[in-house]
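Structural overview
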Amino acid sequence: MTAANPADGSAGPARPASTAQTAEALRRSVARQFGRSLHIRTLDTGSCAACEQEIRLLAAPHYDLHRLGFFFTPAPRHADLLMATGPMIRAFDIAARKTYEAMPGPKLVVATGACALGGVYQPDAFTHGGIGETLPVDVWIPGCPPSPLALLQGLLVAVDRLAEKVQDLTFIRSGGHR
């Protein structure tokens, strides 16, 4: 699916228009590129919990993130993707770095919500102002809080970025068996 880029007239990926289209694009992308499920570890770095509520909605029956091949995991050692929320308080630096370092490679960090992007709290003695000051962020999802559709679109971008990191790896054995 391609669409013309109005800025330069070039073809680029079309933007899905609805939640169902975004979800289906995400499911196909995960299945095509990885042939397996992806696991998400959420990390609250001092948020008000509004972003976490929207993230939890993704696992509810309406969005059913599991049917798309995504699962939440409590252990960073099992996670492919770290979805961080909040302004990254300084007291959480070591815990955030340890969580990131415990993840197997290749790994992605997704900054979720306006606080994580550094748009709400400026750096001061208590906060860094954004996740990017402490962890290497691959995908930014704006919003206060971001809608479930924005989260799905952010995950679609994240899957593509993760695919770029694992170009030389394959998760499907020869002969088509997993």
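I will try to describe carefully the structure that is included in this document. (Residues numbered from 1 in each chain as written. Predicted model: local features only at pLDDT ≥ 70, side-chain atom pairs only at ≥ 80, totals over all residues. Heavy atoms only, no water.)

**As for the overall build of the chain**
The helix and strand inventory of the chain stands at 5 helices and 7 strands. In sequence order, the chain lays out its α and β elements as β-β-α-β-α-β-β-α-β-α-β-α. Sorting the 178 residues of the chain into buried and exposed places 43% on the buried side. Partitioning the contacts of the chain with sequence separation of at least 6, the portion at a separation of at least 24 is 77%. Carbon together with sulfur atoms contributes 55% to the accessible area of the chain, which is approximately 9400 Å² in total. (Helix = DSSP H or I, 4+ residues; strand = E, 2+ residues; numbered from the N terminus. Buried < 20%, exposed > 50% of the residue type's maximum accessible area, 1.4 Å probe, protein only. Contact = heavy atoms within 4.5 Å. Areas by Shrake-Rupley, 256 points an atom, 1.4 Å probe, with all protein chains shown as cover.)

**Some thoughts on the environment of P146**
In this structure, P146 sits in the loop between β7 (139-141) and α5 (148-165). The class of P146 is buried, set by a relative accessible area of 1%. P146 sits 92 residues away from E54 along the chain, and the two C-alpha atoms are 7.1 Å apart. Every residue in contact with P146, bar those within four places of it in the chain, is listed here: C51, E54, T112, G113, I141 and L151.

**Remarks on the sheet that holds strand β4 (residues 70-72)**
Strand order across the open sheet formed by 5 strands is β4-β3-β5-β6-β7, with parallel pairing between neighbours. Of all the strands in the sheet, just β4 and β7 have a single pairing partner and so form its edges. Along the sheet, successive strands turn relative to each other by an average axial angle of 25 degrees, direction set aside. Pairing of strand β5 (residues 81-85) with strand β6 (residues 108-112) involves 5 bridges; the strand directions are parallel. Across the sheet, residue L82 finds its bridge partner in β6, namely V109. Its contacts with the sheet put α5 on β3 (38-44), β4, β5, β6 and β7, and the angle it makes with β7 is roughly 180 degrees. (Pairing = 2+ DSSP bridges. Axes fitted to C-alpha atoms, helices over the stretch in contact; angles between N-to-C directions.)

**Here we look at the environment of E24**
Positionally, E24 belongs in helix α1 (residues 19-34). Counting along the chain gives 44 residues from E24 to L68, while the straight-line C-alpha distance between them is 7.6 Å.

**Thoughts on the nonpolar core**
Ranked by internal contacts, the top residues of the largest apolar core, which has 25 residues, are L26, L65, F70, L81, L152 and L155. Of all the secondary-structure elements, those providing two or more residues to this core are α1, β3, β5, β6, β7 and α5. Here this core gets 7 residues from one element, more than from any other, and that element is α5. Every residue in contact with L65, bar those within four places of it in the chain, is listed here: I40, L58, A59, F70, F72, L152 and L155. Listed in part, the 14 residues of the second largest apolar core include A96, M103, I131 and V137. (Core = buried A, V, L, I, M, F, W, Y, C linked by side-chain atoms within 4.5 Å.)

**Digging into the side chain of K107**
With respect to the helices and strands, K107 occurs in the loop between α3 (93-102) and β6. Among buried Asp, Glu, Lys and Arg side chains, K107 stands out as unpaired, with E101 the closest opposite charge at 7.5 Å. A distance of 3.3 Å separates a polar side-chain atom of K107 from the backbone oxygen of M103. (Lys, Arg positive; Asp, Glu negative; His and termini not counted. Salt bridge = Lys/Arg side-chain N within 4 Å of Asp/Glu carboxyl O. Polar contact = N/O pair within 3.5 Å; in protein donor to acceptor, adjacent residues only side chain to side chain.)

**Here we look at the environment of L156**
Relative to the elements of secondary structure, L156 occurs in helix α5. For L156, a relative accessible area of 15% translates into the label buried. Sequence-wise, L156 and R27 are 129 residues apart; in three dimensions their C-alpha atoms are separated by 8.8 Å.

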